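Analysis of the macromolecular model
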Amino acid sequence: GVTNQVMKGMIFAMTDDPKVVRKIGKYTIKVIQGKCIAAASCIAITPDVFRFDEDNLAEFLENPHDTEENILLSAQSCPTGAIEIYEGDVKVWPL
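Thresholds, definitions, all that
Residues numbered from 1 in each chain as written. Predicted model: local features only at pLDDT ≥ 70, side-chain atom pairs only at ≥ 80, totals over all residues. Heavy atoms only, no water. Helix = DSSP H or I, 4+ residues; strand = E, 2+ residues; numbered from the N terminus. Buried < 20%, exposed > 50% of the residue type's maximum accessible area, 1.4 Å probe, protein only. Polar contact = N/O pair within 3.5 Å; in protein donor to acceptor, adjacent residues only side chain to side chain. Pairing = 2+ DSSP bridges. Axes fitted to C-alpha atoms, helices over the stretch in contact; angles between N-to-C directions. Core = buried A, V, L, I, M, F, W, Y, C linked by side-chain atoms within 4.5 Å. Contact = heavy atoms within 4.5 Å.

1. Concerning the side chain of Gln33
Among the structural elements, Gln33 can be located in the loop between β2 (27–31) and α2 (41–45). Since its relative accessible area comes to 1%, Gln33 is described here as buried. Side chain to side chain, Gln33 and Asp53 meet in a polar contact 3.3 Å long.

2. Some points on the sheet that holds strand β6 (residues 90–93)
The pairing of strands in a sheet comes from backbone hydrogen bonds and takes either a parallel or an antiparallel form. Read from one edge to the other, the open sheet built from four strands follows the order β1-β2-β5-β6, with strand pairing classed as antiparallel. At either end of the open sheet lies a strand with only one pairing partner, and these are β1 (21–24) and β6. Between one strand and the next, the sheet's axes are offset by a mean angle of 30°, whatever the strand orientation. Direction of pairing for β1 relative to β2: antiparallel, over a ladder of four bridges. Considered in β2, the bridge of Lys23 is made with Thr28.

3. Focus on the nonpolar core
By size, the foremost hydrophobic cluster in this structure holds 18 residues, and its most contacted members are Ile29, Phe50, Phe60 and Ile85. Contributions of two or more residues to this core are made by β1, β2, β4 (58–60), α3 (68–77) and β5 (83–87). Non-local contacts of Phe50, meaning those with residues more than four positions away in its chain, are made with Ile29, Val31, Cys42, Ile43, Glu59, Phe60, Leu61, Ser74 and Ile83.

4. Quick look at unusual backbone geometry
That bond from Trp93 to Pro94 is cis: its omega, -15°, falls within 30 degrees of zero. Looking at the element boundaries, Pro94 is found in the segment after β6. The residue Ala38 is not glycine, and still its phi comes out positive at about 60°. As for its position among the elements, Ala38 is in the loop between β2 and α2. Owing to a relative accessible area of 30%, Ala38 belongs among the partly exposed residues under this scheme. A positive phi angle is found at Asn56, which is not glycine, with a value near 60°. Tracing the backbone shows Asn56 in the loop between β3 (50–52) and β4. Judged by its relative accessible area of 45%, Asn56 is partly exposed.

Next comes the structure, spelled out in structure tokens:
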């Protein structure tokens, strides 16, 4: 149910699980699966970075790669802000 998804997302946000947290270039990217609604805009913009898991929640591919600019665009395209981007300790997106 929805509660399960929210809890799962919150728990994952606290971990360094490579399915939901990756460092690419200067950015650390976190997928908050509890916010994911499977809009797939991230996959459309950066198909070499994101995919859906068996629950239709965004996660990273095994070897994600794209430009920092495209990854930021991808995060900005997410309607629920489920992709957070950090540069060091500073949150870049969403603001």
